[in-house]
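Here is what each chain is made of, one letter per residue.
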Amino acid sequence: MALDLFGRPHLPGLQQADDIITPIEEQALIGMIDASDLSPFKYQQWTGKRLTQSFGWSYDFQTGIFAPTTPIPGWLSSLKRRAAAFAGVPTDDLVQALLIRYEPGAGIGWHRDRPVFEHVVGISLGEPATMRFRKKEGSRFLRTNMPLNPRAIYHLSGEMRYEWEHSISEMEETRWSITFRSLRS
Ligand SMILES: O=C(O)CCC(=O)C(=O)O
Ligand SMILES: [Fe+2]
């Protein structure tokens, strides 16, 4: 693996920037997420302390069914435009939006996003978090991580999105995220 000048691995497909929104916008978005029809993430017998709502397209982890759902609401339009500009993808390509509220003690386990999706662009709100990445190399994992400050945006594509897994450890306070995704053609 190539290392940059500072000895950090070069991570193709990982892009991040702070302050894509103002603190006032952050509070307004949190209010809108809390007022949304969130439901606990369920997988088999397990119910997570993570509440979600999908717009545009939804993937049901219980049944594996991927289907159109409620369109992305107007209050996400301006953020979606900024997310698309940041990621360098056409705004109309971001056809899915996922709202998540992580209750205190919630996180998200190791995974890659479903292969039906391509670009993943996320905005982090509330409690600062760390997104961890790992990739199997031989019998070991290569590991790295990325701080997610409140109001920061990130873009996962290419190698980081398809070859690496990501997770977020349990947080002490509430964190919210909004992720936009394009479909894989
Ligand atoms: O909360 C986040 O920023 C990440 C969520 C995530 O990895 C996912 O929904 O696939
Ligand atoms: Fe993910």
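Residues numbered from 1 in each chain as written. Chains lettered and ligands numbered in written order. Predicted model: local features only at pLDDT ≥ 70, side-chain atom pairs only at ≥ 80, totals over all residues.

Moving on: the site of ligand 1. Every residue close to ligand 1 is listed here: Leu-98, Ile-100, Ile-108, Asp-113, Gly-122, Ser-124, His-166, Ile-168, Ser-177 and Thr-179. Elements with a contribution of two residues or more to the shell around ligand 1: β6 (94–102), β8 (117–126), β12 (165–168) and β13 (175–183). (Near = placed C-beta within 6 Å. Helix = DSSP H or I, 4+ residues; strand = E, 2+ residues; numbered from the N terminus.)

Ala-83, Val-121, Ile-123 and Ile-153 are the most contacted members of the largest nonpolar core, which totals 35 residues. Counting only elements with at least two residues in this core, the list comes to α1 (23–34), α2 (77–87), β6, β8, β9 (129–137), β11 (153–156) and β13. With six residues, the single largest contributor to this core is β6. In this structure Ile-153 touches Gln-16, Ala-17, Ile-20, Ala-83, Phe-86, Val-121, Gly-122 and Ile-123, once residues within four positions along its chain are discounted. (Core = buried A, V, L, I, M, F, W, Y, C linked by C-beta atoms within 7 Å. Buried ≥ 20, exposed ≤ 12 C-beta atoms within 10 Å, placed from the backbone. Contact = placed C-beta atoms within 7 Å.)

Taken in spatial order, the seven strands line up as β1-β11-β8-β13-β6-β3-β2 in an open sheet, and their pairing is antiparallel. A single partner strand is all that each edge strand has here, and the edge strands are β1 (14–17) and β2 (39–43). Along the sheet, successive strands turn relative to each other by an average axial angle of 25°, direction set aside. Taken together, the eight bridges between β8 and β13 define a ladder with antiparallel strand orientation. The residue of β13 that forms the bridge with Val-120 is Arg-181. Running over the sheet, α1 touches β6, β8 and β13 and is turned about 110° from β8. Running at roughly 120° to β8, α2 makes contact with β1, β6, β8, β11 and β13 of the sheet. (Pairing = 2+ DSSP bridges. Axes fitted to C-alpha atoms, helices over the stretch in contact; angles between N-to-C directions.)

This paragraph deals with the pairing of β13. Counting buried positions over the nine residues of β13 gives eight, a clear majority of the element. Here β6 runs beside β13; their pairing, made up of eight bridges, is antiparallel. The residue of β13 that forms the bridge with Ala-97 is Phe-180.

Moving on, we get to the confidence of the model for the protein chain. On average, residues of the protein chain carry a pLDDT of 92, and 95% of them reach 70 or more. Taken over the whole predicted complex, pTM reads 0.93, whereas the ipTM for its chain interfaces reads 0.99. (pLDDT = per-residue confidence, 0-100.)

With a phi angle near 55°, Asp-19 is a residue other than glycine that sits in the positive phi range. Residue position: Asp-19 is located in the loop between β1 and α1. Positioned with a positive phi, Arg-151 is a non-glycine residue whose angle comes to about 80°. Locating Arg-151 in the fold gives a position in the loop between β10 (140–148) and β11.

Turning to the sheet that holds β9, a few remarks are in order. Strand order in the open sheet formed by four strands is β7-β12-β9-β10, with antiparallel pairing between adjacent strands. Each edge of the open sheet is held by one strand with a lone partner, namely β7 (108–111) and β10. The average angle at which neighbouring strand axes cross in this sheet is 20°, direction not considered. Of the strand pairs in this sheet, β9 and β12 are connected by four bridges, and their pairing is antiparallel. Bridge assignment links Arg-134 to a residue of β12, and that residue is Glu-165.

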